[in-house]
Amino acid sequence: MPCCFRPLQARTVSERQAKWLTDRVQTIRGLKSPNEPQRLLVILHDKADKTAQEIKTLSLLIQAERAAEKAQEARTKVMNLIQAEKRAEAKAARKARDHALYQSAGLLIMAGLVDSQTGKPVDDPAKLLGALVSLHELSRDNPKWEEWKLKGQVLLNQKKED
């Protein structure tokens, strides 16, 4: 890079730094409870005649505030990433649940209890619910369960072949 562009670049960086500092001081003023370094940063920023020690302190406070701002941005990015992963997991769980519900509805359709076109029970819903509750209350060691399993397996095998 030619040397004639360096002063312009330095001035641009300096202007950007000054704008960042002005914006950051305004942000700090808007905080309900700024921390001690932030309060000192505002005081030194507003002071007209600064000593050499105050300029050095201000410079260090600016570095610390920039680092704190970058750290907060990094924490925000991490939290956003974690939330996105949680949303993706929840979406996958909902999708799996929905799929299982659709499969259950398909079983009711295969059994002829629900109309495949309308999705409505072919009989009175109260009758269907009563029958299903009675089925649920039937002891799992009842031999009827094994008989129904064999019959159901035949229907499922036929469906796979179609």
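What counts as what
- Residues numbered from 1 in each chain as written.
- Predicted model: local features only at pLDDT ≥ 70, side-chain atom pairs only at ≥ 80, totals over all residues.
- Heavy atoms only, no water.
- Phe/Tyr/Trp six-rings, centres within 6.5 Å; stacked < 30°, edge-to-face > 60°.
- Helix = DSSP H or I, 4+ residues; strand = E, 2+ residues; numbered from the N terminus.
- Buried < 20%, exposed > 50% of the residue type's maximum accessible area, 1.4 Å probe, protein only.
- Expected span 1.5 Å × (residues − 1).
- Polar contact = N/O pair within 3.5 Å; in protein donor to acceptor, adjacent residues only side chain to side chain.
- pLDDT = per-residue confidence, 0-100.
- Core = buried A, V, L, I, M, F, W, Y, C linked by side-chain atoms within 4.5 Å.
- Contact = heavy atoms within 4.5 Å.
- Axes fitted to C-alpha atoms, helices over the stretch in contact; angles between N-to-C directions.
- Parallel < 35°, antiparallel > 145°, perpendicular 65-115°, else oblique.
- Left-handed = near helix turned anticlockwise from the far one by under 90°.

Draft legend 1. Structural context of the packing of aromatic side chains. Inspection of every chain in the model, using the stated rule, returns one aromatic pair. With 5.5 Å between their ring centres and 80° between their planes, tryptophan 145 and tryptophan 148 make a pair best called edge-to-face. Of this pair, tryptophan 145 and tryptophan 148 both sit in helix 5 (residues 143–161), separated by three residues, roughly a single helical turn. Take tryptophan 148: its relative accessible area is 34%, and that puts it in the partly exposed class.

Draft legend 2. Structural context of helix 5. In this model, helix 5 (19 residues) spans 28 Å end to end at C-alpha, consistent with the 27 Å of a helix rising 1.5 Å per residue. The N-cap of helix 5, judged by a side-chain oxygen 2.9 Å from the amide nitrogen of lysine 144 a few residues on, is asparagine 142.

Draft legend 3. Fine view of the confidence of the model for the protein chain. Put simply, the protein chain has an average pLDDT of 89, and 92% of its residues get 70 or more. Element-level mean pLDDT values for the protein chain span from 77 in helix 1 (residues 6–30) up to 95 in helix 3 (residues 52–110).

Draft legend 4. Layout of the nonpolar core. Core analysis: the biggest nonpolar cluster contains 10 residues, these being Trp20, Leu21, Val25, Ile28, Leu41, Val42, Leu44, Leu58, Leu61 and Ile62. Looking at this core element by element, the count peaks at four residues for helix 1. Aside from chain neighbours lying at most four places away, what touches valine 42 is Val25, Ile28 and Arg29.

Draft legend 5. Spotlight on the side chain of glutamine 38. Mapping glutamine 38 onto the fold places it in helix 2 (residues 36–46). In this structure the side chain of glutamine 38 is engaged in a polar contact, spanning 3.1 Å, whose partner is the side chain of glutamate 65. Among all residues touching glutamine 38, those that are not within four sequence positions of it are Arg24, Ile28, Leu31 and Glu65.

Draft legend 6. Summary view of helix 3. In this model, helix 3 (59 residues) spans 86 Å end to end at C-alpha, consistent with the 87 Å of a helix rising 1.5 Å per residue. Those residues of helix 3 not exposed but buried are Glu54, Leu58, Leu61, Ile62 and Glu65. Looking one or two residues past helix 3, glycine 112 carries a phi angle of roughly 80°, positive in sign.

Draft legend 7. Summary view of the packing of helix 2 against helix 3. Helix 3 packs onto helix 2 with a crossing angle of 135° between their chain directions and a minimal axis gap of 10 Å. It follows from the interaxial angle that helix 2 and helix 3 lie oblique. For helix 2 against helix 3, the interelement crossing comes out left-handed. Along its contact with helix 2, which presents Pro37, Gln38, Leu40, Leu41, Leu44 and His45, the element helix 3 presents Glu54, Thr57, Leu58, Leu61, Ile62 and Glu65.

Draft legend 8. Geometry of the side chain of glutamate 54. Summarising the element assignment, glutamate 54 is placed in helix 3. Residue class for glutamate 54 comes out buried when judged on its relative accessible area of 18%. A polar side-chain atom of glutamate 54 sits 2.4 Å from a polar atom in the side chain of lysine 47. If we skip the residues at most four places from it in the chain, glutamate 54 touches Leu44, Lys47 and Asp49.

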